[in-house]
Amino acid sequence: MSEISPSVFDLTGRVALVTGARRGIGLAMAVALARAGADIIGASVNPEKSGGEVADQVESLGRGFQAYQVDLSDRAAVTAFAAELRGADRPIDILVNNAGTIRRSPAAEYSDEDWDHVVEVDLSSQFVLARELGAAMLARGYGKIIFTASLLSFQGGINVAAYTAAKSGIAGLTRALANEWAGRGVNVNAIAPGYIATDNTEALRNDPDRNQAILGRIPAGRWGRAEDLAGATVFLASPAADYVHGVVLPVDGGWMGR
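Owing to the predicted nature of the structure, the values given are computational and were not obtained by experimental measurement.

I'd love a proper account of the overall build of the protein chain, names of residues and values included.
Check the secondary structure of the protein chain and you find 8 helices and 7 strands. Expressed along its principal axes, the backbone C-alpha trace of the protein chain runs to roughly 50 × 50 × 40 Å. Among the 258 residues that make up the protein chain, the fraction classed as buried is 50%. In the protein chain, the proportion of contacts linking residues at least 24 apart, taken out of those at least 6 apart, comes to 75%. Summing over all exposed atoms, the protein chain offers an accessible surface of approximately 11800 Å²; the carbon and sulfur share of this is 49%.

Break down the nonpolar core for me, citing the residues and quoting the values.
In terms of nonpolar packing, the biggest core is built from 35 residues, with Leu17, Ile145 and Phe147 touching the most fellow members. Where this core is concerned, the elements lending two or more residues are strand S1 (15-19), strand S2 (39-44), helix H3 (75-86), helix H4 (112-140), strand S5 (143-148), helix H5 (161-181) and strand S6 (186-193). Broken down by element, this core gets its largest block of residues, 7 residues, from H4. Apart from residues lying up to four places away in sequence, leucine 17 is in contact with Ile41, Ala43, Phe81, Leu85, Ile92, Ile94, Leu95, Val96 and Leu133.

Tell me what's going on with empty space enclosed by the protein, and back it up with residues and numbers.
One pass over the full model with this rule turns up 1 cavity of 30 Å³ or more. Roughly 50 Å³ of volume is contained in the largest cavity. Taken together, Ala21, Arg22, Gly42, Ala43, Ser44, Pro47, Glu48, Gly51, Val54, Phe65 and Ala67 make up the full set of residues lining the largest cavity. At the level of secondary structure, the elements contributing two or more residues to the lining of the largest cavity comprise S2 and strand S3 (65-69). When residues of the lining of the largest cavity are assigned to their parent elements, the largest contribution, 3 residues, is made by S2. Looking at side-chain class alone, the lining of the largest cavity contains 6 nonpolar, 3 polar and 2 charged residues.

How would you explain the sheet that holds S3 if you had to name every residue and give the values?
Strand pairing in a sheet is mediated by backbone hydrogen bonds. Such pairs are either parallel or antiparallel. In spatial order, the strands read S3-S2-S1-S4-S5-S6-S7; together these 7 strands make up an open sheet with parallel pairing. Strand pairing shows two members of the sheet lacking a second neighbour, S3 and strand S7 (248-251), which therefore form its edges. The average undirected angle you get between the axes of adjacent strands in this sheet is 20°. Where strand S4 (residues 94-97) lies against S5, 4 bridges are found, and the strand directions are parallel. Within S5, the position partnered with leucine 95 by the bridge is isoleucine 145.

So what's going on with the environment of serine 125? Residues and values would help.
Structurally, serine 125 can be placed in helix H4. When the C-alpha positions of serine 125 and valine 78 are compared, they lie 6.6 Å apart, and in sequence the two are 47 residues distant. Contact partners of serine 125, with chain neighbours within four places excluded, come to Leu72, Val78 and Glu120.

Residue-level account of unusual backbone geometry, with values.
Glycine aside, the phi torsion of most residues is negative, and most peptide linkages are trans. Even without being a glycine, asparagine 159 presents a positive backbone phi close to 65°. If you trace the backbone, asparagine 159 turns up in the loop between S5 and H5. Asparagine 159 sits in the partly exposed class, given a relative accessible area of 36%.

Can you tell me about the side chain of threonine 201, naming the residues and giving the values?
Summarising the element assignment, threonine 201 is placed in the loop between S6 and helix H6 (202-205). A polar contact of 2.6 Å, which involves the side chain of threonine 201, links it to the backbone oxygen of isoleucine 196. Among residues more than four places away in sequence, those in contact with threonine 201 are Arg104, Ile196 and Trp223.

Can you tell me about the packing of helix H1 (residues 24-35) against helix H2 (residues 52-60), naming the residues and giving the values?
At a minimum axis distance of 9 Å, the contact between H1 and H2 shows a crossing angle of 15°. One way to sum up the angle between H1 and H2 is to call them roughly parallel. In this structure, H1 crosses over H2, and the sense of that crossing is right-handed. Contacts from Leu27, Ala30, Val31 and Ala34 in H1 reach Glu53, Val54, Gln57 and Val58 in H2. Class assignment of the residues belonging to the contact of H1 with H2 gives a composition of 6 nonpolar, 1 polar and 1 charged.

Tell me about the layout of surface pockets, and name the residues and values.
By volume, the largest pocket is sized at about 1100 Å³. What lines the largest pocket is a set of 46 residues, and nearest its centre among them are Gly100, Thr101, Ile102, Thr198 and Asn200. Among the elements of the structure, H1, S2, H4, H5 and helix H7 (208-217) are those that each provide at least two residues to the lining of the largest pocket. Among the elements that line the lining of the largest pocket, the one with the most residues is H1, at 3 residues.

Calculation notes
Residues numbered from 1 in each chain as written. Predicted model: local features only at pLDDT ≥ 70, side-chain atom pairs only at ≥ 80, totals over all residues. Heavy atoms only, no water. Helix = DSSP H or I, 4+ residues; strand = E, 2+ residues; numbered from the N terminus. Buried < 20%, exposed > 50% of the residue type's maximum accessible area, 1.4 Å probe, protein only. Contact = heavy atoms within 4.5 Å. Areas by Shrake-Rupley, 256 points an atom, 1.4 Å probe, with all protein chains shown as cover. Core = buried A, V, L, I, M, F, W, Y, C linked by side-chain atoms within 4.5 Å. 1 Å grid on protein atoms, 1.4 Å probe; cavity = no way out; pocket = protein on both sides within 12 Å on 5 of 7 lines; lining within 4 Å. Points joined across faces, edges and corners; volume = space filled by probe spheres on them. Nonpolar A, V, L, I, M, F, W, Y, C, P; charged D, E, K, R; others polar. Pairing = 2+ DSSP bridges. Axes fitted to C-alpha atoms, helices over the stretch in contact; angles between N-to-C directions. Polar contact = N/O pair within 3.5 Å; in protein donor to acceptor, adjacent residues only side chain to side chain. Parallel < 35°, antiparallel > 145°, perpendicular 65-115°, else oblique. Left-handed = near helix turned anticlockwise from the far one by under 90°.

This is how it looks when you write it as structure tokens:
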């Protein structure tokens, strides 16, 4: 039986764009890719002027880092951002469509404004970036696109109608793009994080009943950490996943197995 060479996970010389890289899951993904050898472009709505913690960690690994400000709820701004990146000297090899938002309200009271904002950030902007940067990947015959999906790509959730709709859309978009692009050198996959201790789940963790109910269903017996997504991110961004297409990979402590 042949051995797997560590080089199949080597991303040296690659450029990765990670949206929502300033904190949480995006920060962990960016650092993991840098540790594997990639230079990082981090895009956030409110990036720190110096690049902040993500820049410090990436540069401490000897990798390059650039920070961009982009409002993913602004379609024109997202399109312009993609065009700027397509005109850069170094192409984007890896796109991690991670940034997202959530607004909670009972469905019967959910406002049009909240619906439109969440769907624009969590689904529409992701498609625009994948379309624009994916076209350049297709032209080169190489690229890796990773979406951050959710357990609510599979389930309904409570009081998060727009988020669930968007994340369900991300799962479908992952498969649709993979069907079109797999034969042209571009891998499109998604990671579905379980219940991870981030800002988006703070309300759940602060609710004693919901917190206990969630922990009671996770076989691993704990909330996930952002760093738990590192391995899956590097795998899907690397040559090790060259034959992996259209997968929504749960990293959930066993939640979906229950």
